[in-house]
Amino acid sequence: MRTDGTAPGLPRRAPRRPSIAAQVLLWQLTLAVLLITAGALIAVKAAEDAARNSARDRALEVARTLARSPGVAEAVASAEPTARLQPVAEAVRRESHVDFVVFMTLDGIRFTHPNPALIGQTFLGHIDDAVLGRALTETYTGSLGPSVRAVVPVPSGPDAGPADAPVALVSVGVTERRIDEIVGDTIPLVVAVATGALALSAAAATAVHRRLRRQTLGLGPVELRRVYEHHDAVLHAVREGLVVLDGGGRLALANDEAHRLLGLGDAAEGRHVGDLGLDATLAETLAAGRTVTDEIHLAGDRVLAVNVSRTARDGRVLGTVATFRDHTELRALVGELDEVRGFAEALRAAAHESGNRLHTVVALIEMGRPDEAVRFATGELAASQELADRLTAEVSEPALAALLFGKHAQAAERGVRLTVAANAAAELEPAMSAGDLVTVVGNLVDNAIDAAASVGAPHGRQGAQGGAERARCVAVTVEPTAAGGVVLRIADSGPGLDEASAARAFERGWTTKPAPGPQGRGLGLALVRSIVERHGGTIALGDAELGGAEFTVRLPPVTSAVPGTPPVPGRSAEPDTSAELATPAEPRRPAEIAMSGRPGEAREEER
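Residues numbered from 1 in each chain as written. Predicted model: local features only at pLDDT ≥ 70, side-chain atom pairs only at ≥ 80, totals over all residues. Heavy atoms only, no water.

## A word on the nonpolar core
Grouped together as the largest cluster of nonpolar side chains are 39 residues, with contacts concentrated most on V441, L444, V474, V476, I490 and V553. With nine residues, helix α13 (residues 434–453) is the largest single contributor of residues to this core. Those residues in contact with V553 that sit more than four places away from it in its chain are V440, L444, V486, V487, L488, V532, T538 and I539. Core analysis: the second largest hydrophobic core is formed by 28 residues, L60, A89, V92 and I179 among them. (Core = buried A, V, L, I, M, F, W, Y, C linked by side-chain atoms within 4.5 Å. Buried < 20%, exposed > 50% of the residue type's maximum accessible area, 1.4 Å probe, protein only. Helix = DSSP H or I, 4+ residues; strand = E, 2+ residues; numbered from the N terminus. Contact = heavy atoms within 4.5 Å.)

## Quick notes on the packing of helix α1 (residues 20–67) against helix α5 (residues 176–216)
Running from N to C, α1 and α5 cross one another at 160°; their axes reach a closest spacing of 8 Å. The angle between the axes of α1 and α5 places the two elements in the roughly antiparallel class. With respect to the hand of their crossing, α1 and α5 are arranged in right-handed fashion. For the contact of α1 with α5, a count of residues per class yields 27 nonpolar, five polar and four charged. (Axes fitted to C-alpha atoms, helices over the stretch in contact; angles between N-to-C directions. Parallel < 35°, antiparallel > 145°, perpendicular 65-115°, else oblique. Left-handed = near helix turned anticlockwise from the far one by under 90°. Nonpolar A, V, L, I, M, F, W, Y, C, P; charged D, E, K, R; others polar.)

## Focus on α13
The end-to-end C-alpha separation of α13 is 27 Å, in line with the 28 Å expected for 20 residues at 1.5 Å each. Within α13, burial applies to D436, L437, V440, V441, G442, L444, V445, A448, I449, A452 and A453. (Expected span 1.5 Å × (residues − 1).)

## Observations concerning the sheet that holds strand β3 (residues 145–154)
Taken in spatial order, the four strands make up an open sheet running β1-β4-β3-β2, and their pairing is antiparallel. Lying at the two open borders of the sheet, with one neighbouring strand each, are β1 (100–104) and β2 (136–142). Sheet twist, expressed as the mean angle between neighbouring strand axes with direction ignored, is 30°. Examined bridge by bridge, β1 and strand β4 (residues 168–175) share five bridges and lie antiparallel to one another. Each residue of the ladder has a partner; that of M104, found in β4, is L169. The strands touched by α5 within the sheet are β2, β3 and β4, with β4 carrying the most contacts at an inclination of about 40°. (Pairing = 2+ DSSP bridges.)

## So, the sheet that holds strand β7 (residues 292–299)
Spatial ordering of the open sheet is given by β6-β5-β9-β8-β7, a layout of five strands whose pairing is antiparallel. At either margin of the open sheet sits one strand with a lone partner, and together these are β6 (251–254) and β7. Direction aside, the axes of adjacent strands within the sheet are offset by 25° on average. This element, helix α8 (residues 280–288), spans β5 (241–246), β7, β8 (302–313) and β9 (316–326) of the sheet and lies at about 145° to β7.

## Details of the confidence of the model for the protein
Per-residue confidence for the protein averages 77 on the pLDDT scale, and 77% of its residues sit at or above 70. Predicted confidence is poor over residues 462–468, with pLDDT under 50, and the contacts of this stretch with residues over four places away or in other chains come to six contacts. Contacts from residues 560–607, a stretch scored under 50 in pLDDT, to residues over four places away or in other chains number 77 contacts. (pLDDT = per-residue confidence, 0-100.)

## Notes on the side chain of D492
Note on placement: D492 falls in strand β12 (residues 486–492). In this structure, D492 is in contact with A448, A451, A452, C473, V474, A544, L546, G547, G548 and A549, ignoring residues within four places of it in sequence.

## Describing the pattern of salt bridges
By the definition in use, this model includes 12 salt bridges. Here R93 and E90 are joined by a salt bridge, their closest N and O atoms 2.7 Å apart. Taken together, the residues span about one helical turn, with R93 and E90 both in helix α3 (residues 81–96) at a distance of three residues. Between R290 and E295 there is a salt bridge, and its shortest N-O distance comes to 3.7 Å. Each of E48, R52 and E176 takes part in a single network of salt bridges with overlapping partners. (Salt bridge = Lys/Arg side-chain N within 4 Å of Asp/Glu carboxyl O.)

## Thoughts on empty space enclosed by the protein
Counted under the stated rule, the structure contains three cavities of 30 Å³ or more. Considered as a void within the structure, the largest cavity measures approximately 80 Å³ in volume. In terms of lining residues, the largest cavity is bounded by F100, V102, R110, H113, F123, L124, G142, S143, L144, G145, S147 and R149. At the level of elements, β1 and β3 are the ones that each hand at least two residues to the lining of the largest cavity. Grouping the constituent residues of the lining of the largest cavity by class yields five nonpolar, five polar and two charged. (1 Å grid on protein atoms, 1.4 Å probe; cavity = no way out; pocket = protein on both sides within 12 Å on 5 of 7 lines; lining within 4 Å. Points joined across faces, edges and corners; volume = space filled by probe spheres on them.)

Okay, structure coming up:
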């Protein structure tokens, strides 16, 4: 076993580097110790300077007081100056807390001294300025060791002026030892203050360490950099939209795909989810923070699968994470699959009808009536071809004509009579793209067929009690407006909608049909409204003359549909003035193409 705990033959584990919190703690403690130590040293030095200055000032003040004391000049001039001045000097020394008081001649011969053996000897120190009548202070090493001293001239009398020569000198001093004692008395206080400051600094550093460790999850700088780099790479590479909300419902993070899918601006971060301009139901779902799995929502004209989950750590809710997958193309494919399934059912019914017609033709031939057999066979083909040609001629948009032709078979299979009243002047292609047009009309017609098929009897046949039941009908009307726009109406003979249902009809998730799966229904009308409003149009719901509901879609002229929208390629946004130069022709009247419940039956009525 190695010293690092790994078995022989295995790669050595990389030593764990201290976390950011630990590094910050070490730096803080080191800095605190250095600063507090420096502060303590500065405090001691300041105390020493203060003690030295105080000793100098006290020595100078005592010396000046003694020099001008009554009787000092007389005692100096007496026959026994030491006998008269020594007691005074010692008394003053004890009371003033100084170390020596020395009276001397102008030549420096001592009259007094704390050590009587040194009386009569020469004073150690500078006295030249004092002899000239000026007081002086200095630090000098004398008979008692290093001291701070003051030397002051003794005037000849109370009335002597500055120009008069002094008669003697007096020196008062405080030794360095006494100053050190004074400073030493302050050191315990300085140490106590420094220790308290260090303890407070350590406590504060520990608190910062714990908070920083909790916020950084105990990671070191290398780990944090690696986490950030991976986090940033994942956010930019993931193909799903990712949104992170904080505990207050404000946007904390959104990756590039989320910005694209939700249409978020650059200043979205930090704003509440309700202020991001999202669909009301989507914003409510995100703000609620409840767990959601693959719930379908609308974001503009996109269909999104939304997953929402709360994040927590140590029992504390941190926020909400939501992911978004674009299901717009998938929904389109599902719609196309439904159309193909409907066409397959229509083909099955047509095959059944074709078999019956083929048997009829064979029977007519066997009965010796070939002319009637030919007339019967070609009549069906002519009626179907005439229906397709007429519908293509009256509906200017090919995609819409094909959609309605396909819906004819679907309606006929379910016993619903589908009529189309189209004006060829209604140009739908410039006002709306073919894909959006198929989505709008397809959803509205499908809903109308479902509603009509839920009530009444096919083609108004007699009911069980002998009375006539309401026919199952769906009417599609396309006509231009005076301003150059288009009005599209889809009416049905279904049960209609009450006021409460009509008010919620365009909400996401609202439906009168049973949910086929976990993703539910209720997207069609919400998507229709989104597309219509995106093109600057309006959609309204009312009561139809057929007895059911009627949806009215109004699209403005292409030049005012959506400000700033470029014109459709191949179309000019300017009005066509060629018709004004040509010979006016009789306008074509809109035709009604009626498609009955049985395949093959068609009629046209000129209004």
